[in-house]
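Structural characterization, general
Now for the letters of each chain:
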Amino acid sequence: MLLEAVRYIRENEGDIRGLYGNLFGQEKNFITSAMARANLYLHGLEDFRVAKGDTLMEPAFIESGELKKFDIVIANPPFSLKNWGHEHWSADRWGRNAYGLPPMKNGDYAWIEHMISSLKPNGRMAVVLPQGALFRMGSEGKIREKILKEDIVECIIGLAPNIFYGASVSASIVIMNKNKSTLKKNKILIVDASEQFWAAKAQNILLDEHIQHILDLYEGFENQVGESKIIELSDVQDNNWNLNISRYILP
């Protein structure tokens, strides 16, 4: 997952060889995809494939006529993408619309559905989303309800605003696990990490100490006043499947 990957890379001085075996990625922008390949190679990883293309419209990794499945899937997709391919999603040939059809002008849940569809039966995933995706209703609320009922959502981490370039809104990391431990069954850990940042001139920055603190909260999986809370899935149901962090953790 995102935080585990960050910790591993930092502890191993940037050498990510052998992190999780083969690495696959897809990026629509040519320059960004080229930079990703160069960055991986410079960090010592040779067993990777980064494809250029539109992940939602034309996924690059197909195996035996189906989406290739992975142990771990991570992504920081564009927030609330408008022209994401809604007109094709209702008849998606890969069956990624199993939870429902996301709204025409917001592709956040299309990314989530794609990622879940790309997981192995015991797979895990982490995706960065605008916090609005945690509580918006309509078609997104219906998709979120179906996903939550499957009990694969493991942790919600709320971050400070203005962390990511080009996005001043508060983001969140949603972690899903298709093989949750007995301890975590029918439970979700909510983490409020909105105070974990260093305020620079142009944007807020997560320093090593902030990343480690967030990781400790995630791995600890326990209640910490004002920072983390374990909630029952039944509590989320009572709140109409709303995952707004402020509903569960008081400032």
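All of the points below concern the structure found in this document. (Residues numbered from 1 in each chain as written. Predicted model: local features only at pLDDT ≥ 70, side-chain atom pairs only at ≥ 80, totals over all residues. Heavy atoms only, no water.)

1. What to know about the pairing of strand 7 (residues 153-161)
Most of strand 7 is tucked away, with eight of its nine residues classed as buried. With six bridges connecting them, strand 7 and strand 8 (residues 170-177) associate as antiparallel partners. Bridge pairing in strand 8 links Cys155 to Ile175. Here five bridges tie strand 7 to strand 9 (residues 187-193), and the two strands are oriented parallel to one another. Counterpart to Gly158 in the pairing with strand 9 is Asp192. (Buried < 20%, exposed > 50% of the residue type's maximum accessible area, 1.4 Å probe, protein only. Helix = DSSP H or I, 4+ residues; strand = E, 2+ residues; numbered from the N terminus. Pairing = 2+ DSSP bridges.)

2. Some points on the nonpolar core
A general trend in soluble globular proteins is that nonpolar side chains are found buried together. Residues Ile147, Ile156, Met176 and Ile188 are the most contacted members of the largest nonpolar core, which totals 33 residues. Taken together, the elements giving at least two residues each to this core come down to strand 5 (70-75), helix 4 (108-117), strand 6 (119-130), helix 5 (138-149), strand 7, strand 8, strand 9 and helix 7 (233-238). Apart from residues no more than four positions distant in its own chain, Met176 is found in contact with Ile112, Ile116, Gly123, Arg124, Met125, Ile147, Ile152, Val153 and Glu154. (Core = buried A, V, L, I, M, F, W, Y, C linked by side-chain atoms within 4.5 Å. Contact = heavy atoms within 4.5 Å.)

3. What about helix 2 (residues 30-42)?
Along its 13 residues, helix 2 runs 18 Å from first to last C-alpha, staying within 8% of the 18 Å computed at 1.5 Å per residue. Where helix 2 starts, the residue carrying a side-chain oxygen 3.0 Å from the main-chain nitrogen of Ile31 turns out to be Asn29. One or two positions beyond helix 2, positive phi appears at Gly44, with a value near 90°. (Expected span 1.5 Å × (residues − 1). Polar contact = N/O pair within 3.5 Å; in protein donor to acceptor, adjacent residues only side chain to side chain.)

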